[in-house]
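Secondary and tertiary structure notes
Each chain, written out:
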Amino acid sequence: MTASSDFAGPAHATTFLTVDLDALATNYRLLAGRAAPARCAAVVKADGYGLGVGPVARTLSAAGCETFFVAHLDEAVILRRELAEAAAAPEIYVLNGLMAEDEQVFRDHLLMPVLNDLGQVERWAEDCRAHGPHPAAIHLDTGMSRLGLPRDEQETLMSEPERLRGIPLRCVMSHLACADTPDHPLNRQQQRDFAAAIGRLPKAIASLSASSGIFLGPDWHFDMVRPGVALYGVAPAEGRPNPMAPVAGLYGKIIQVRRVDAPGTVGYGATHRFAGPTRVATVAAGYADGYLRSLSGRATAYIGDVAVPLIGRVSMDLITLDISNVPHAEAGDIVELIGPHADLDAVAKTAGTIGYEILTSLGRRYRRHYVGGAG
Ligand SMILES: *Cc1c(COP(=O)(O)O)cnc(C)c1O
């Protein structure tokens, strides 16, 4: 997808984010198939990993997803509204837990907190006894040391199960620290600790694995998996072939072309000096759009099938490309920054980061173009 005629919307747009919702649905089905008979939830925090939570969640719902996870309570309220038309009201969990005074918001929007410590368990139990049962999840920390009941609190809960009285316990979950490194010993250790812990708690849906954990094998699936990033096309295991279909594409228009020659330089800091006659294209995308500044002087963009190196620094709104080997390129032409040639994971690697950060850094001012799906 590289011709400007492929993009909907007014002609004045100069940067485009394409979201292939059919690929998203395909990825959901692939992950659900891998995880079966476990059910497959979807993590749509951070605005659906930057791709737009409404179209993303509606597409996943249409593909059969009935359970969603977000990080913030505000994200959950928005998601509930975005999914108002869904055939069956989906379950929505809030990973960041139950902060003081938020109980009524969970009730009003039919959301479930993931209770992360004994204090939250106590407050939710009180709320359930006062206002009627409302389901929740519990997160057990098995090695992330980030969220969830630490080990001593798990022991307390297991020896004093009355602390859960009044709470319909819907899900017990934990989170893997190293699932993208299949041989890491922590994967098996967390799996064992989680299996032992759920055996000592009331029966509930057990969930351990996110995207990468699904590929560790059935021992890690339990009753429900909760992938995020793989849905959006990012490779679930480093250094292995990526089974996921690409979902996000990033394209920018050339807004000016110039001829330059040695000993000129390009961009802030004059970091790139021309060795000889060069054609330079200036493209309307920069770090304010999530095209990270660490890509300066390192990234490769594409005009059609031809690789064109990024030269000089990434500015806030602009990048500069050496298009000497594409003599016909001119202002108005579309350049691929992320897409079939400029693979998301490869761009992330060049930027010194991971696909997660590229996706969730994508800016707000692109013209968004949703393809297929249930947007
Ligand atoms: C973000 C998150 C997920 C999804 O992780 P991916 O690696 O994107 O699949 C699942 N569970 C928890 C607790 C998370 O924070």
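Residues numbered from 1 in each chain as written. Predicted model: local features only at pLDDT ≥ 70, side-chain atom pairs only at ≥ 80, totals over all residues. Heavy atoms only, no water.

In this chain, Ala36 is followed by Pro37 through a cis amide linkage whose omega measures 10°. Among the secondary structure elements, Pro37 is positioned in the loop between helix H1 (21-35) and strand E2 (39-40). Cis geometry marks the peptide bond from Ala262 to Pro263; its omega dihedral reads 5°. Relative to the helices and strands, Pro263 is located in the loop between strand E11 (248-260) and strand E12 (265-266). One non-glycine residue, Ser145, lies in positive phi territory at about 50°. Tracing the backbone shows Ser145 in the loop between strand E7 (136-139) and helix H7 (151-159). (Helix = DSSP H or I, 4+ residues; strand = E, 2+ residues; numbered from the N terminus.)

Bringing the pattern of salt bridges into the picture now. Tallied over the full model, the rule gives 12 salt bridges. Between Arg58 and Glu82 there is a salt bridge, and its shortest N-O distance comes to 2.7 Å. On the criterion of sequence distance, the pair formed by Arg58 in helix H3 (residues 53-62) and Glu82 in helix H4 (residues 73-82) is long-range, its members being 24 residues apart. By relative accessible area, which is 26% here, Arg58 ends up partly exposed. The partly exposed category is assigned to Glu82, whose relative accessible area is 26%. The partner of Arg163 in a salt bridge is Glu160, with the nearest N and O atoms 2.8 Å apart. (Salt bridge = Lys/Arg side-chain N within 4 Å of Asp/Glu carboxyl O. Buried < 20%, exposed > 50% of the residue type's maximum accessible area, 1.4 Å probe, protein only.)

Turning to the environment of Tyr232, a few remarks are in order. Relative to the helices and strands, Tyr232 resides in the loop between strand E10 (224-225) and E11. Here the alpha-carbon distance between Tyr232 and Thr360, two residues 128 residues apart in the chain, equals 11 Å. Apart from the residues within four sequence positions on either side, Tyr232 is in contact with Leu24, Asn27, Val43, Val44, Gly48, Tyr49, Leu51, Val56, Val247 and Leu359. (Contact = heavy atoms within 4.5 Å.)

This brings us to the site of the ligand. The immediate surroundings of the ligand are formed by 14 residues, with Lys45, Tyr49, Ser211, Gly228 and Tyr356 found nearest. In the model, an oxygen atom of the ligand is placed 2.8 Å from a nitrogen or oxygen of the Gly228 main chain. Interatomic distance of 2.8 Å between a backbone N/O atom of Val229 and an oxygen atom of the ligand. If the ligand stood free it would expose 390 Å²; the protein chains cover 91% of that surface. Considered class by class, the residues forming the shell around the ligand number 8 nonpolar, 3 polar and 3 charged. (Near = heavy atom within 4 Å. Polar contact = N/O pair within 3.5 Å; in protein donor to acceptor, adjacent residues only side chain to side chain. Areas by Shrake-Rupley, 256 points an atom, 1.4 Å probe, with all protein chains shown as cover. Nonpolar A, V, L, I, M, F, W, Y, C, P; charged D, E, K, R; others polar.)

Time to look at helix H6 (residues 118-131). For H6, with 14 residues, the first-to-last C-alpha span of 20 Å sits near the 20 Å given by 1.5 Å per residue. In this fold, the buried residues of H6 make contact with helix H5 (103-108), strand E6 (112-115), E7 and H7. Two to three positions downstream of the cap, the backbone nitrogen of Gly119 sits 3.0 Å from a side-chain oxygen, assigning the N-cap of H6 to Asp117. Note on H6: the residue one or two positions beyond its end, Gly132, has a positive phi of about 105°. (Expected span 1.5 Å × (residues − 1).)

Partitioning the chain into structural domains gives domain 1 (21-232) and domain 2 (247-353). Between domain 1 and domain 2, the C-alpha centre-to-centre distance is 40 Å. (Domains from an automatic or database assignment.)

Now for the packing of H3 against H4. For the pair H3 and H4, the least separation of the axes is 9 Å and the interaxial angle reads 60°. When the axis of H3 is compared with that of H4, the two are oblique. Pair H3 / H4 crosses with right-handed handedness. Two secondary-structure elements touch here, H3 through Val53, Gly54, Ala57 and Arg58 and H4 through Ile78, Leu79 and Glu82. Grouping the amino acids of the contact of H3 with H4 by side-chain chemistry returns 4 nonpolar, 1 polar and 2 charged. (Axes fitted to C-alpha atoms, helices over the stretch in contact; angles between N-to-C directions. Parallel < 35°, antiparallel > 145°, perpendicular 65-115°, else oblique. Left-handed = near helix turned anticlockwise from the far one by under 90°.)

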